[in-house]
Amino acid sequence: MADGDDGTDGGAFIQLLTTLPTATTNAATSTTSSNATLNGFVNDNGHATTVKFIYGTSPTLAGATKKTATTGGSIGAGSGNTAVALNVTGLTGSTTYYF
């Protein structure tokens, strides 16, 4: 915790996270011409964490879609490595997607 710079002692506090949550993506599974399951793991590193997948057709993910994971979307602090996934529907066949 750090005291805010408000000219007084106490009052405003900012919590500094020393270790942020980390994410690792794995290969997509259950792929069809219009559906896929995006997979990964998140280590919360001691912090409650909301997990969102970002996916789209641009390698830079410009204009990408962001959705909360359908598995492991909300992780409690101290859970460690948690498997996460998002079931995606409505994809366009013969199109490369990035996440």
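Residues numbered from 1 in each chain as written. Predicted model: local features only at pLDDT ≥ 70, side-chain atom pairs only at ≥ 80, totals over all residues. Heavy atoms only, no water.

K.L.:
Teacher, can you tell me more about the sheet that holds strand 3 (residues 22–29) here?
P.N.:
Backbone-to-backbone hydrogen bonds join strands into a sheet, with any given pair of strands oriented parallel or antiparallel. Spatially, three strands are ordered 3-4-9 in an open sheet, and the strand pairing comes out antiparallel. With partners counted over all chains shown, the strands left at the sheet margins are strand 3 and strand 9 (81–88), one partner each. Neighbour-to-neighbour, the strand axes of this sheet turn through a mean angle of 20°, independent of strand direction. With eight bridges connecting them, strand 4 (residues 36–43) and strand 9 associate as antiparallel partners. The residue of strand 9 that forms the bridge with A36 is V88. (Pairing = 2+ DSSP bridges. Helix = DSSP H or I, 4+ residues; strand = E, 2+ residues; numbered from the N terminus. Axes fitted to C-alpha atoms, helices over the stretch in contact; angles between N-to-C directions.)

K.L.:
Which parts of the structure should I look at to understand the side chain of D44?
P.N.:
Summarising the element assignment, D44 is placed in the loop between strand 4 and strand 5 (49–50). One buried charged residue, D44, remains without a salt bridge, the closest side chain of opposite sign being K52 at 18 Å. Of note is the side chain of D44, whose polar atom sits 2.7 Å from the backbone nitrogen of G46. Only 2.7 Å separates the side chain of D44 from the backbone nitrogen of G80, close enough to count as a polar contact. Not counting chain neighbours up to four residues away, the residues in contact with D44 comprise P21, T49, I75, G76, A77, G78, S79 and G80. (Buried < 20%, exposed > 50% of the residue type's maximum accessible area, 1.4 Å probe, protein only. Lys, Arg positive; Asp, Glu negative; His and termini not counted. Salt bridge = Lys/Arg side-chain N within 4 Å of Asp/Glu carboxyl O. Polar contact = N/O pair within 3.5 Å; in protein donor to acceptor, adjacent residues only side chain to side chain. Contact = heavy atoms within 4.5 Å.)

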